[in-house]
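In case you want the letters, here they are:
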Amino acid sequence: DVKVTQSSRYLVKRTGEKVFLECVQDMDHENMFWYRQDPGLGLRLIYFSYDVKMKEKGDIPEGYSVSREKKERFSLILESASTNQTSMYLCASSRQGLGTEAFFGQGTRLTVV
Amino acid sequence: AQSVTQPDIHITVSEGASLELRCNYSYGATPYLFWYVQSPGQGLQLLLKYFSGDTLVQGIKGFEAEFKRSQSSFNLRKPSVHWSDAAEYFCAVGAWQAGTALIFGKGTTLSVSS
């Protein structure tokens, strides 16, 4: 089975801290994604990557950056965490190609205080 | 622009009753369509997907969905709901070209009453 692993299920960070959310997939997928999930807003795409060192902005990239140095790992970085970044963060991966399905990690519930 | 609309935010169904969750999409060509389910505190799990061919697709856990091009819809159905089906359900439209991401609807929360 495809496995997408997010390093933390729950995180509590202080305003202004630099926060790293890590995601690893074990199926050699080319594409990796970071989504943010908030009640009533569904899943919104923050960033995605279709290859090592490549990245594309999604719908809500402000306040975030990403890093993909290895194919299996995709990191989301909050340069200076703010309370409005309190949310559920979901990582996903997929094969390259049209219409391929995405496989999701368990999510990281981040609280910024 | 591509988009997905799930008109129902919250639905309550009695256990054993049938279920239909609505999904409408906006897309310029033949879409790739998905339904995902999310149990509380969990990630998303794929229920089923439509690429082409038969417009009625079967998925896991007894779910099915029907693609209707004329109505731009991809509604999810189940003939008899179980209490364990209580979850949030997301419809998504898939990558229309390489290097693009799934677009999700805002989700429908399903509650099951006994």
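Our subject is the structure that appears above.
Residues numbered from 1 in each chain as written. Chains lettered and ligands numbered in written order. Predicted model: local features only at pLDDT ≥ 70, side-chain atom pairs only at ≥ 80, totals over all residues. Heavy atoms only, no water.

K.L.:
Can you help me understand the interface of chain A and chain B in this one?
P.N.:
Frequently, the measure chosen for interface size is the accessible area removed from exposure when the parts meet. Taken residue by residue, the interface counts 22 residues in chain A and 24 residues in chain B. Here chain A and chain B share an interface that buries about 1800 Å² over both sides, 55% of which is from carbon and sulfur atoms. Of all residues in chain A, Leu98, Gly99 and Glu101 of chain A bury the most surface against chain B, accounting for 28% of the area lost on that side. On the surface where chain A and chain B come into contact, there are one salt bridge. (Contact = heavy atoms within 4.5 Å. Buried area = accessible area lost by both parts, 1.4 Å probe. Salt bridge = Lys/Arg side-chain N within 4 Å of Asp/Glu carboxyl O.)

K.L.:
Hey, could you run me through the side chain of glutamate 101 of chain A in this one?
P.N.:
Counting through the fold element by element, glutamate 101 of chain A comes out in the loop between strand E9 (87-94) and strand E10 (103-104). The exposure class assigned to glutamate 101 of chain A is buried, which follows from its relative accessible area of 15%. Here lysine 49 of chain B takes part through its side chain, which lies 2.3 Å from a polar atom of the side chain of glutamate 101 of chain A. In this view, glutamate 101 of chain A contacts Ser93 and Ser94 of chain A together with Phe34, Tyr36, Leu46 and Lys49 of chain B; residues no more than four positions away in its chain are not counted. (Helix = DSSP H or I, 4+ residues; strand = E, 2+ residues; numbered from the N terminus. Buried < 20%, exposed > 50% of the residue type's maximum accessible area, 1.4 Å probe, protein only. Polar contact = N/O pair within 3.5 Å; in protein donor to acceptor, adjacent residues only side chain to side chain.)

K.L.:
Explain the packing of aromatic side chains here, please?
P.N.:
Centre distance and the angle of the planes are the two values used to describe a pair of aromatic rings. Across all of its chains, the model carries 16 aromatic pairs over all chains by this definition. A ring pair is formed by tyrosine 64 of chain A and tyrosine 89 of chain A, whose centres lie 5.9 Å apart and whose planes are at 65°; its orientation type is edge-to-face. Here tyrosine 89 of chain A lies in strand E9 and tyrosine 64 of chain A lies in strand E7 (residues 64-70), a separation of 25 residues in the sequence. Chaining the aromatic ring pairs together yields one cluster made of Phe33, Tyr35, Phe48 and Phe104 of chain A together with Tyr32, Phe34, Tyr36, Phe51, Phe90 and Phe104 of chain B. (Phe/Tyr/Trp six-rings, centres within 6.5 Å; stacked < 30°, edge-to-face > 60°.)

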